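A structural walkthrough
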Amino acid sequence: VETSAPEDLLKFHFRISGASEVGVKGEEKELVDSQTASMLLQPAGLIKEEAYISGEHEQSVTLLCSRQFFERCFVAHLGQLPDAMKTFVNQAVDQGFLENHPLSADMARAANRILSTELDGALLRLLIEAKSRELLLLSLQAMIDAQDKRDQPERGFSRREVELLHRVREILTEGFLKPPTIAELARKVGTNEAKLMHSFKQLFGQTVFDFAQRLRMERAKELLE
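These remarks concern the structure in this document. (Residues numbered from 1 in each chain as written. Predicted model: local features only at pLDDT ≥ 70, side-chain atom pairs only at ≥ 80, totals over all residues. Heavy atoms only, no water.)

Buried residues of helix H2 (residues 83-90): Ala84, Met85, Phe88 and Val89, and no others. Each buried residue of H2 lies within a common arc of 130° when the element is viewed along its axis, so the set occupies one face. (Buried < 20%, exposed > 50% of the residue type's maximum accessible area, 1.4 Å probe, protein only. Helix = DSSP H or I, 4+ residues; strand = E, 2+ residues; numbered from the N terminus. Arc of directions from axis to C-beta.)

The relative placement of two packed helices is expressed as an angle between their axes plus a distance between the axes. The geometry of helix H5 (residues 159-174) relative to helix H7 (residues 193-204) is characterised by a closest axis approach of 10 Å and an angle of 90° between their N-to-C directions. Taken together, H5 and H7 sit at an angle that is classed as roughly perpendicular. The residues of H7 that touch H5, namely those facing Glu161, Leu165, His166, Val168, Arg169 and Leu172, are Lys195, Leu196, Ser199, Phe200, Leu203 and Phe204. Residue classes in the contact of H5 with H7 are distributed as seven nonpolar, two polar and three charged. (Axes fitted to C-alpha atoms, helices over the stretch in contact; angles between N-to-C directions. Parallel < 35°, antiparallel > 145°, perpendicular 65-115°, else oblique. Contact = heavy atoms within 4.5 Å. Nonpolar A, V, L, I, M, F, W, Y, C, P; charged D, E, K, R; others polar.)

Further remarks concern the pattern of salt bridges. Opposite charge on two side chains makes pairing possible when the charged atoms of those side chains draw close. Taken as a whole and assessed by the stated rule, the structure comprises 11 salt bridges. In this structure, Arg109 engages Asp106 in a salt bridge whose closest nitrogen and oxygen atoms are separated by 2.3 Å. Linking Arg109 with Asp106, this pair stays in helix H3 (residues 105-116), spanning three residues, or about one helical turn. Taking relative accessible area as the criterion, Arg109 reaches 53% and is therefore assigned exposed. With a relative accessible area of 38%, Asp106 lands in the partly exposed category. A single salt-bridge network, built from bridges that share partners, covers Arg15, Lys48, Glu50 and Glu58. (Salt bridge = Lys/Arg side-chain N within 4 Å of Asp/Glu carboxyl O.)

Reading across the sheet, the four strands line up as S7-S2-S5-S8 and stay open at both edges, with antiparallel pairing between neighbours. Each having just a single partner strand, strand S7 (59-66) and strand S8 (97-102) make up the two edges of the open sheet. Neighbouring strand axes in the sheet, compared pairwise and without regard to direction, differ in orientation by 15° on average. Sheet topology note: the strand S5 (residues 36-42)/S8 ladder contains six bridges and is antiparallel. Across the sheet, residue Met39 finds its bridge partner in S8, namely Glu99. This element, helix H1 (residues 67-74), spans strand S2 (9-17) and S7 of the sheet and lies at about 80° to S7. Most of the contacts of H2 go to S2, to which it runs at about 140°, and overall it touches S2, S5, S7 and S8. (Pairing = 2+ DSSP bridges.)

Below is the structure:
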């Protein structure tokens, strides 16, 4: 599927199910999987290509934001926005940009509320506007948090601690169908349980349980589909 924009647009995409590869025409594409929140900066005239597997079913919500809308809503908070947003507000852009994040539980609830509502008419419009703004703010916060981590990815951790925590994540990813207990993980990497749980949440933004649960849920959805 090929699409182009008549003006510079920011697209916020919240994918509940389905998967596709997205990118600029003629360049390498990036996978956008289920349970993913994406931000796409698409300059006017730039052709976006999206490739789906035959029979793939997508369920998602996409918000399209013009420069004027974004500036009107966020000009007072411009300094807090991610760098890509500042560029979009301040000047015309000629290069695309795609950033993906895990779809949070709050994002999924807001998107599903739009997709499953039985309201119509004026009430439907009000609900969509409210949930769209909620999704936009949640996406911006996710991007700000991700930028903070890129700017200071190992804040408060030694190199050994970071390596240890990444090893924990690898163990969980490899054995997510029957994940080890916290005690077993702590023994495997040589730390105590309390420190492991606290440090994992601090570095990766989610608990050990939530990370393992998300991996199992994603696998279950793949099997159901």
